[in-house]
Amino acid sequence: MNYQVHETAIVDEGATIGEGTRIWHWVHVCGGARIGQKCSFGQNVFVGNRVEIGDNVKVQNNVSVYDDVTLEDDVFCGPSMVFTNVYNPRSAVSRKDEYRPTLVKQGATLGANCTIVCGVTVGRYAFVGAGAVVNRDVPDYALMVGVPAKQIGWMSEYGERLDLPLKGDGEAVCEHTGKRYKLSGGQVTAE
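Residues numbered from 1 in each chain as written. Predicted model: local features only at pLDDT ≥ 70, side-chain atom pairs only at ≥ 80, totals over all residues. Heavy atoms only, no water.

**Considering the overall build of the chain**
Counting its secondary structure elements, the chain contains zero helices and 26 strands. At 17 Å, the chain has a C-alpha radius of gyration in line with the 16 Å of a compact globule built from 191 residues. With respect to the three principal axes, the spread of C-alpha positions in the chain is 50 × 40 × 20 Å. Going through the 191 residues of the chain one by one, you find that 41% of them count as buried. For the chain, contacts bridging at least 24 residues in sequence account for 15% of all contacts bridging at least 6. Of note, the chain has its 18 positive side-chain charges centred 6 Å away from the centre of its 22 negative side-chain charges. (Helix = DSSP H or I, 4+ residues; strand = E, 2+ residues; numbered from the N terminus. Rg over C-alpha atoms; globule rule 2.2 N^0.38 Å. Buried < 20%, exposed > 50% of the residue type's maximum accessible area, 1.4 Å probe, protein only. Contact = heavy atoms within 4.5 Å. Lys, Arg positive; Asp, Glu negative; His and termini not counted. Charge placed at Lys NZ, Arg CZ, Asp CG, Glu CD.)

Encoded structure:
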């Protein structure tokens, strides 16, 4: 085994876990899960069967990553944030054939206690603030807050707010890295 599992954790047979990954107290990883290298799973995390997780993903305490959720490389899931996989659940109605896939792209941050409603895509390096409820797709580099979540700005790959307008055109430089960002046609790209 080239990854670390706490003695209280359960990793079902068949799960694929990359080198250097750390699985902490009372975590349950189901047998169909595919997890990359150098990931970290905090206390009381659940990872479903039909879940794909890239490299260097950090899932903080009390997060359940349900079936049909994909987390690309370098995603951060804050404490007690929530994924869903059924849009209109009812206890008496089985809807396991109606799961809506959720994609969280490379480098995105999902803040503590936020909710990601199933069927959305969270763009590359987007930043979802604590407690926000995301119910529609999020653009790359977008800063999202509130219930329901709305965009209030743009974030750098370093995790700093960029001095760019919400709409129109513009250019900004990350103060920490010197990387340049360009807003054009409602999209931000890194140069």
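Following the structure, the description resumes.
**Let's talk about the sheet that holds strand 1 (residues 4-5)**
Spatially, 1-4-7-10-13-16-19-21-22-23 is the arrangement adopted by the ten strands of the open sheet, whose pairing is mixed. Strand pairing shows two members of the sheet lacking a second neighbour, strand 1 and strand 23 (161-162), which therefore form its edges. Relative to strand 13 (residues 76-77), strand 10 (residues 58-59) is paired through two bridges, and the arrangement is parallel. Across the sheet, Lys58 pairs through a bridge with Phe76, a residue of strand 13. (Pairing = 2+ DSSP bridges.)

**Let's talk about the environment of His25**
Inspection of the secondary structure assignment puts His25 in the loop between strand 4 (22-23) and strand 5 (28-29). Expressed as a C-alpha distance, the spacing of His25 and Phe46, which sit 21 residues apart in the sequence, is 11 Å. Leave out the neighbours within four places in its chain, and His25 touches His6, Thr8, Gly42, Gln43 and Asn44.

**Brief notes about the pairing of strand 26 (residues 187-190)**
With four bridges joining them, strand 25 (residues 180-184) and strand 26 adopt antiparallel strand pairing. From the neighbouring strand, Leu183 faces strand 26, where its bridge partner is Val188. Taken together, strand 25 and the strand that follows it, strand 26, pair antiparallel across an intervening segment of two residues, in which Gly185 is found at a positive phi of about 60°.

**Quick look at the pattern of salt bridges**
Per the counting criterion, the structure on display carries five salt bridges. Of the charged contacts in the structure, one is a salt bridge between Lys179 and Glu157, with a shortest N-O distance of 3.0 Å. Taken together, the residues Lys179 in the loop between strand 24 (170-173) and strand 25 and Glu157 in the loop between strand 22 (150-155) and strand 23 connect sequence positions 22 residues apart. On the basis of relative accessible area, Lys179 is assigned to the partly exposed category, the value being 29%. Given the relative accessible area of 26%, Glu157 is considered partly exposed. Here Glu171 makes a salt bridge to Arg180, at a shortest N to O gap of 3.3 Å. Judged by relative accessible area, which is 48%, Glu171 ranks as partly exposed. (Salt bridge = Lys/Arg side-chain N within 4 Å of Asp/Glu carboxyl O.)

**Focus: the nonpolar core**
Residues Phe41, Leu71, Phe83 and Leu110 are the most contacted members of the largest nonpolar core, which totals 50 residues. Contributions of two or more residues to this core are made by strand 9 (51-53), strand 12 (69-71), strand 21 (142-145) and strand 25. Contacts of Leu71, omitting those with residues within four sequence positions, involve Glu52, Ile53, Gly54, Val57, Val59, Val65, Cys77, Phe83 and Val104. (Core = buried A, V, L, I, M, F, W, Y, C linked by side-chain atoms within 4.5 Å.)

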